[in-house]
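Examination of the molecular architecture
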Amino acid sequence: LKHKHEAGGGALDGIIIETTGMADPGPVAQTFFVNEDVKNFTTLDGIVTVVDAKYIEQHLDVEVQEGGEYAALKQVAFANRILLNKVDLVPEEAKLRRIESLLRAINNFSPIERSTNSEISVDLVLNIGAFNLARTLQMDPEFLKTDRAHVHAHLQDSTVTSLGIDMVCEIDIGIFLNWIDMLIRNNGASLLRIKGILSVANMPTGYAFHAVHRIVDGNFMPPWADEERRRCKLTFIGRGMDHEAIRCGFAACRATAKNLRDVRETFRFRVGDAVECRTDLGWECGVVIKHLYREPGILGWVPYQIRLDDGRLVYCPRDFCDLIRKAAIRRRRGDAPSRRCS
């Protein structure tokens, strides 16, 4: 489509991708953030999930009882719009409300629209800007509201839940990015969606953040209005989430001197330590010369600035073992730099 469009094949109003009923929407959504050609040519507008009102409870029960791939659960959890279809086959209003409560227990943050024969206004499912959080909040200020009543899952064994965080605070973006990277690194398979708006300390604009499994993206919004109260709103949807641990982890991202000291204490290396860090040339030896390093082009800060043995200055974006490790050859102060790492 891209090549045809560039060759003068006509304007595109949009692209609709229809997946099978058993498809996991995660990898499809990730394509729009991983593939550079696709990312530059398209913008993911939203994910619409069509739910069979007559059989959805049965499908979810089977997935839970048989330990399946949770395709239906994932499709509901990933949805930006949920189309509850075939409602004409479920004449009991009480049952429809029960089904809607079940869907909200999995995804409490996306609108549910009832339909018969999938007949619905296209305005409800096209050009919704659901992956553009700034636009979404302009259209629907309640989109990330978290004080709405939470409905417990009707499936006792279902582990897919949603968590909303709404705090009047400013975060340290460096602490947040380090925390979210670690959270996704350890729980990426079970964290289906993260989305939200962050109030970042020392920045005049909000930061729109979202993640699909292990793929993270974000962008700055227009400046906060003078009368607007700066706050952070985040939505987590995942399987087997530890809600209290996530709340505590986010609270530790607030921009306070104590939180910054606490983060520094978790660093594995101190200033002056000999380390090996992974560069474009492979593992190279050097010395840590600074913590919480900042420079133009870096969002927030990174844990370490390092002077390599050849004099080059580099930085390590995260304190991960596959990026920085203890030097294999230790040298005394005054010794000549090692020529290679081994």
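Let me sum up the structure you'll find in this document. (Residues numbered from 1 in each chain as written. Predicted model: local features only at pLDDT ≥ 70, side-chain atom pairs only at ≥ 80, totals over all residues. Heavy atoms only, no water.)

1. Regarding the sheet that holds strand β3 (residues 112–114)
Taken in spatial order, the three strands line up as β1-β2-β3 in an open sheet, and their pairing is parallel. The sheet is open, and its two borders are formed by β1 (48–52) and β3, each paired with just one other strand. For this sheet, the mean inter-axis angle between neighbouring strands, taken without regard to orientation, is 25°. Pairing of strand β2 (residues 81–85) with β3 involves three bridges; the strand directions are parallel. Paired with Ile82 across the bridge in β3 is Ile112. Sitting on the sheet, helix α6 (residues 93–106) touches β1, β2 and β3, and the angle it makes with β3 is about 155°. (Pairing = 2+ DSSP bridges. Helix = DSSP H or I, 4+ residues; strand = E, 2+ residues; numbered from the N terminus. Axes fitted to C-alpha atoms, helices over the stretch in contact; angles between N-to-C directions. Contact = heavy atoms within 4.5 Å.)

2. A closer look at the nonpolar core
Counting residues in hydrophobic clusters, the biggest one holds 40 residues, and the most contacted among them are Phe176, Leu198, Phe236, Phe250 and Ile306. Of the residues forming this core, the biggest block, eight residues, is contributed by helix α8 (residues 173–187). For Phe176, the contacting residues outside a window of four places in its chain are Ile171, Leu198, Phe209, Leu234, Phe250 and Cys253. In terms of nonpolar packing, the next biggest core, distinct from the first, is built from 27 residues, Ala29, Ala79, Leu84 and Ile106 among them. (Core = buried A, V, L, I, M, F, W, Y, C linked by side-chain atoms within 4.5 Å. Buried < 20%, exposed > 50% of the residue type's maximum accessible area, 1.4 Å probe, protein only.)

3. Some details on α6
Taking 1.5 Å of rise per residue, the 14 residues of α6 would be expected to cover 20 Å, and the 20 Å separating its terminal C-alpha atoms lies within 8% of that figure. Leu96, Ile99, Glu100, Ser101, Leu102, Leu103, Ala105 and Ile106 are the residues of α6 that are buried. (Expected span 1.5 Å × (residues − 1).)

All we've got here are geometric facts, nothing functional implied.
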